[in-house]
Amino acid sequence: MQSTFTNWNDTIVAQATPQGYAALGIIRISGTKSLYIIDTLSIHKKISSYNSHTLHLTKLYYNNSLLDEVVVSLFKTPNSFTGEDLIEISAHGSPTVLQSILMAITQCGARIANPGEFSLRAFLNKKIDLTQAEAIGDLIESQTTLAQKVALHHLRGGFKSDLKLLKDKLLQFAALLELELDFSEEDVEFLNRDDFHQLILQIRTLIAPLIHSFTWNNAIKNGVKIVIVGAPNTGKSTLLNALLNEDKAIVSPIAGTTRDIIEDRFVYKHVLFRILDTAGLRAHSQDDIERIGMQKTKASYLTADIILMLIDARNLNDFNDFDFNEIQDKKIVFVANKADLIQKYGIVENHQNQEVLLISAKEKLGLNLLQDKLLLLSGLSDFNDQNSTVINVRHKSILDALELCLIDIENAFENKVSSEYISLHIREALQKIGELTGDITTENKLDYIFSKFCIGK
Ligand SMILES: Nc1nc2c(ncn2[C@@H]2O[C@H](COP(=O)(O)OP(=O)(O)OP(=O)(O)O)[C@@H](O)[C@H]2O)c(=O)[nH]1
Ligand SMILES: [Mg+2]
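These numbers were taken from a predicted model, which means no experiment stands behind them.

Visitor: Give me the lowdown on the packing of helix α9 (residues 236-244) against helix α11 (residues 367-378), citing residues and values where you can.
Guide: At their nearest, the axes of α9 and α11 sit 11 Å apart, and the two run at 85 degrees to each other. When the axis of α9 is compared with that of α11, the two are roughly perpendicular. Packed against α9, whose contacting residues are Leu239, Ala242 and Leu243, the element α11 presents Leu367, Leu370 and Gln371 at the interface. Residues that form the contact of α9 with α11 fall into these classes: five nonpolar, one polar and no charged.

Visitor: So what about helix α10 (residues 288-301)? Which residues, and what values?
Guide: Here α10 is 14 residues long and its end C-alpha atoms lie 20 Å apart, about the 20 Å a rise of 1.5 Å per residue gives. Within α10 the residues assigned to the buried category are Glu290, Gly293, Met294, Thr297, Ser300 and Tyr301. Projected down its long axis, α10 shows its buried positions confined to an angular sector of 125 degrees, all on one face. Here the buried face of α10 lies against β7 (224-230), β9 (271-277) and β10 (306-312).

Visitor: Lay out the nonpolar core with the relevant residues and their values.
Guide: In terms of nonpolar packing, the biggest core is built from 33 residues, with Leu239, Phe273, Leu308, Val333 and Leu370 touching the most fellow members. Taken together, domain 2 (140-215 + 392-438) and domain 3 (225-378) each give at least three residues to this core, which thus spans both. Within the second largest apolar cluster, 29 residues are counted, among which are Leu177, Leu399, Leu402 and Ile422.

How each quantity is defined
- Residues numbered from 1 in each chain as written.
- Chains lettered and ligands numbered in written order.
- Predicted model: local features only at pLDDT ≥ 70, side-chain atom pairs only at ≥ 80, totals over all residues.
- Heavy atoms only, no water.
- Axes fitted to C-alpha atoms, helices over the stretch in contact; angles between N-to-C directions.
- Helix = DSSP H or I, 4+ residues; strand = E, 2+ residues; numbered from the N terminus.
- Parallel < 35°, antiparallel > 145°, perpendicular 65-115°, else oblique.
- Contact = heavy atoms within 4.5 Å.
- Nonpolar A, V, L, I, M, F, W, Y, C, P; charged D, E, K, R; others polar.
- Expected span 1.5 Å × (residues − 1).
- Buried < 20%, exposed > 50% of the residue type's maximum accessible area, 1.4 Å probe, protein only.
- Arc of directions from axis to C-beta.
- Core = buried A, V, L, I, M, F, W, Y, C linked by side-chain atoms within 4.5 Å.
- Domains from an automatic or database assignment.

Next up, the structure:
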């Protein structure tokens, strides 16, 4: 891909809404020619003569033929998303109409935007920092309200304010140390060593929860993975259907019905869960296909966040047959289905002191208990979206490097290593923070980050 930086002065255009038929379709133009272009198309109304932040109902024409009647939003530089003159055209959402408007705009001198180019311009014009730009991408991709809240928090600068705090503290630090270096011949100490140690600890305490929050990254973005396992005929497929509220998997009294893995998603109290129904596990199978199904089951529960172990409520000790060695580090919920046959619901304990939830998938009884338990095990039940959360891989890797750098500083201090050396490490730490907020970036890195956006963002 050509670098977006080389075409920095171009006026760019893109459809900001998805392709396909809809009530409305929005086209966005940004750059120095935006006003000229809209005036050329809106022959009866000179949009550029109005104030910024105004809306205009107008007809667009090209080569004397009417393209559409549209609403134009006018944003003049520097008060726009990109910081440039920016026009948003709300047209009728027909692909042919939108295509013809786009064509006319490019004929007037704009070019089709590269992925993420609007956000890139917003960033380059200092309208947003890098974490906010990335949050736009995360927000648009978010599939749950939780992911949306985290992204919105970043967009409002949540991450940025934490980082600023960090950076200020480090700068204070660096200044005192460098002062010491300037006066090195006099052998004075401006920096109180205890205060310094405290400060490093404080900074590490500040970033530790950020780093830890990445643990939730996958769960927030892609859903908590639950795999239902159990012997054939225990009602795994019936349970999947009950949780999805849909007849997704085939249910039958024949043992060994499910062979392939069946997967779907549901949201419970804002948390997205991915649930997988698998082939029943049994010690001996004569059937080749069933054996392949069982292998697939094993592969899938090894990557689960939560294993939902299902048995028949008529024998609460059936769990004993299961080989738990491979899944010792997994979260497991023990569920006994067909509780309608013993007319007992709620939480009981079996002989192994395992907590077992009694439910009936068929009668949809006890499901709330199970859902609450899954929510609890997901760790996201009391997730506080106001806390800064790192859900971006790039941020996580820089924070990891920053933490190592702080540990280095701490060790260097304890071992009475020279101030020059420590000051070097502090600079490195400041560099890392700059990389996070985008104060320090190379063109290549920016191109890479923004090219992952879709066109129109
Ligand atoms: N009484 C009662 N029957 C149930 C319940 N849940 C499932 N069943 C029945 O148990 C039988 C097996 O159900 P499935 O959901 O197909 O069981 P499975 O675990 O997916 O079975 P395999 O795919 O063969 O491993 C069916 O006849 C269901 O109607 C329940 O809560 N109560
Ligand atoms: Mg099944």
